[in-house]
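# Breakdown of the fold
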Amino acid sequence: MMDKNWSKLVPYWFLLFTIGFGWFILAPLVPGILGTFSVSLTLAVLLISVYGYTMVALGLLAGWISAKFTVKAALYSAAIISFIGLLGRALSPNYSILFVFQIIAAVAYPLAMAPVGSISESLFKEKSHSVIGISVGILFFGMAIGAFVGPSIFSAYGLYGAFWVTVILAAIAAVWTFFGIRGYPTFYKGRSLRGTFKVGMIKNWYVGLIIASASVMFGSIASEVLIAEHIAVSAAIAYGGLFGGLAFLGSAIGAMALPPLFEKYRAIRSGLISTSLLAFIFAFTIAYFLPFMPILSLLAVAYFMFGFFGNAFWSMAMASTTNYVSDPAKAGFATSMYSVATNLGVAFVPALLGPLFLVHAYTAVAIVSVMEFAGFLLAFGLKVNSARVVAGAARKRRRKRHKRTR
């Protein structure tokens with residue numbers, strides 16, 4: 001039964017892969033976007049950040065759809081919308097139309113990612129860290145591959161050639177999703193979501209915000225900062241793709257490997273603390289060396305390691321939110337709230353803080369360092385014990401007391 005359930009996740013994972021690929025193939029191509037559409041760096045980075053905006057705007061709606069109309073409704077919608085948006089993007093003659101279709105494509109992100117808690121809780125009740133970690137890892141793996149191959153596709157076929165590759169992948173994902181998720185459970189459909197929010201979740205939200213925003217920002221600004229450091233444009237684009245790809249490859253491997261490992265050995269608390277500390281160290285390394293001392297080999301290692309530990313921390317913080325609730329519908333809405341709150345960072349931080357690395361780098365380094373260190377401190381207070389486990393233990397204690405009094 002377990003093997004069968006794992007196989008059910010493959011179409012969902014491929015959909016997440018294509019969304020990540022279509023999203024972050026743009027990161028190393030920012031200079032190409034600037035040249036093709038004659039826009040500012042802020043507008044070019046906005047094309048990437050818009051995915052965060054859609055999660056902020058529609059994440060809770062996506063969680064509500066998955067709870068009220070089942071996960072399948074959200075995933076079917078995600079597959080169709082992703083294909084339409086990416087197709088329109090590939091046909092866009094100017095920036096305005098490109099931006100509109102980028103928004104449409106980005107809507108697929110919250111629809112596909114927000115209900116991951118419901119998927120994990122309905123198919124694998126005791127493996128939330130593993131399922132959420134692997135699912136997040138697949139999304140980031142798609143982002144990594146997009147960043148890796150983007151410069152090569154751009155060199156061979158131009159910017160629009162890169163766009164059309166994403167369309168083909170989205171079409172495959174749409175067909176596979178429609179035929180591959182028919183067996184997803186619906187027994188939790190229509191349940192009340194009242195009481196899902198808990199104040200303690202705010203700590204998780206901040207962690208997600210600072211990790212996600214830094215990941216997207218570092219990948220988005222690498223090429224332009226290297227150009228400012230007098231590295232040739234073609235080389236800067238190539239290194240930007242390499243760094244972004246390494247960051248999200250590390251994110252994928254870290255999210256897929258570390259949370260299941262810590263969960264297996266019942267060391268979630270130790271995992272949260274250790275990954276948060278290492279994420280802070282490597283975030284500082286990138287923030288300092290990229291604008292001031294671009295040692296390319298060091299930066300490559302730092303990008304990978306920040307992704308590896310940072311996204312493991314991010315996914316465990318997301319899984320931690322399900323510990324506040326007791327059923328799949330609420331678990332999906334809890335992860336939806338996490339995604340909304342944390343993607344506020346993706347929506348605003350790269351566009352606002354990223355350009356600061358070009359004009360006031362010391363200030364940018366200081367801001368990043370404070371943000372990431374605060375995340376490390378909060379790791380000590382994230383909730384580890386599941387509400388279901390606590391409730392079960394309470395029931396056992398009541399039964400024992402009842403037996404003693406008989």
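Here we summarise the structure given alongside this text. Computed from a predicted model, the values in this text were never measured in an experiment.

### Some points on the overall build of the protein
Helix and strand counts for the protein come out as 16 helices and zero strands. Among the 406 residues that make up the protein, the fraction classed as buried is 60%. The contacts in the protein between residues at least 6 apart in sequence include a share of 86% that link residues at least 24 apart. Total accessible area on the protein stands at roughly 15,400 Å², and carbon and sulfur atoms take up 70% of it.

### A short note on the nonpolar core
Membership of the largest hydrophobic core comes to 135 residues, with the highest contact counts inside it found for Phe218 and Phe357. Element by element, the count of residues in this core is highest for helix 8 (residues 128-180), at 19 residues. Apart from the residues within four sequence positions on either side, Phe357 is in contact with Met217, Phe218, Ile221, Val225, Ala287, Pro291, Ala364, Val365 and Val368.

### Thoughts on empty space enclosed by the protein
The full count for this structure, using the stated rule, is two cavities of 30 Å³ or more. Counted as a void, the largest cavity has a volume near 70 Å³. What lines the largest cavity is Trp23, Tyr109, Phe140, Met143, Ala212, Ser215, Val216, Phe248, Trp314, Asn343 and Val346. Residue contributions to the lining of the largest cavity peak at three residues, all from helix 9 (residues 201-228).

### Details of the side chain of Gln102
Structurally, Gln102 is set in helix 6 (residues 95-113). With near-sequence residues (within four places) excluded, Gln102 lies in contact with Leu26, Leu47, Val50, Tyr51 and Arg89.

### Details of the packing of aromatic side chains
Counting across every chain of the model gives 30 aromatic pairs. Relative to Tyr338, the ring of Trp314 has its centre 5.2 Å away and its plane inclined at 70 degrees; by these criteria the two rings are edge-to-face. With Trp314 in helix 12 (residues 296-321) and Tyr338 in helix 13 (residues 328-353), this residue pair connects regions lying 24 residues apart in the sequence. This pair shows no difference in class: Trp314 is buried, exactly as Tyr338 is. When the ring centre of Tyr324 is taken as reference, the NZ or CZ atom of Lys383 above it lies at 5.5 Å.

### Brief notes about the packing of helix 11 (residues 268-292) against helix 15 (residues 361-378)
Where helix 11 contacts helix 15, the two axes come as close as 9 Å, and the packing angle between them is 175 degrees. Here helix 11 is positioned roughly antiparallel relative to helix 15, judged by the angle of their axes. Seen from helix 11, the contacting residues are Ile273, Ser276, Leu277, Phe280, Ala283, Phe284, Ala287, Tyr288, Pro291 and Phe292; seen from helix 15, they are Ala361, Tyr362, Val365, Val368, Ser369, Glu372, Phe373, Gly375 and Phe376. Broken down by class, the residue content of the contact of helix 11 with helix 15 amounts to 15 nonpolar, three polar and one charged.

### Remarks on a nonpolar patch on the surface
Taken together, the side chains of Ile80, Ile84, Val175, Phe178 and Phe179 present a nonpolar region at the surface, about 460 Å² in accessible area. Looking at the nonpolar patch, the element that brings in the most residues is helix 8, giving three residues. By the secondary structure assignment, Ile84 is in helix 5 (residues 71-90).

### Some points on the environment of Gly310
Along the chain, Gly310 turns up in helix 12. Judged by relative accessible area, which is 0%, Gly310 ranks as buried. Look past the residues within four positions of Gly310 in its chain and what remains in contact with it is Ile211, Ala279 and Met305.

Parameters at a glance
- Residues numbered from 1 in each chain as written.
- Predicted model: local features only at pLDDT ≥ 70, side-chain atom pairs only at ≥ 80, totals over all residues.
- Heavy atoms only, no water.
- Helix = DSSP H or I, 4+ residues; strand = E, 2+ residues; numbered from the N terminus.
- Buried < 20%, exposed > 50% of the residue type's maximum accessible area, 1.4 Å probe, protein only.
- Contact = heavy atoms within 4.5 Å.
- Areas by Shrake-Rupley, 256 points an atom, 1.4 Å probe, with all protein chains shown as cover.
- Core = buried A, V, L, I, M, F, W, Y, C linked by side-chain atoms within 4.5 Å.
- 1 Å grid on protein atoms, 1.4 Å probe; cavity = no way out; pocket = protein on both sides within 12 Å on 5 of 7 lines; lining within 4 Å.
- Points joined across faces, edges and corners; volume = space filled by probe spheres on them.
- Phe/Tyr/Trp six-rings, centres within 6.5 Å; stacked < 30°, edge-to-face > 60°.
- Lys NZ or Arg CZ within 6 Å of the ring centre and 35° of its normal.
- Axes fitted to C-alpha atoms, helices over the stretch in contact; angles between N-to-C directions.
- Parallel < 35°, antiparallel > 145°, perpendicular 65-115°, else oblique.
- Nonpolar A, V, L, I, M, F, W, Y, C, P; charged D, E, K, R; others polar.
- Patch = residues over 30% accessible without salt bridge, like charges linked within 9 Å, V, L, I, M, F, W, Y side chains within 5 Å.
- Salt bridge = Lys/Arg side-chain N within 4 Å of Asp/Glu carboxyl O.

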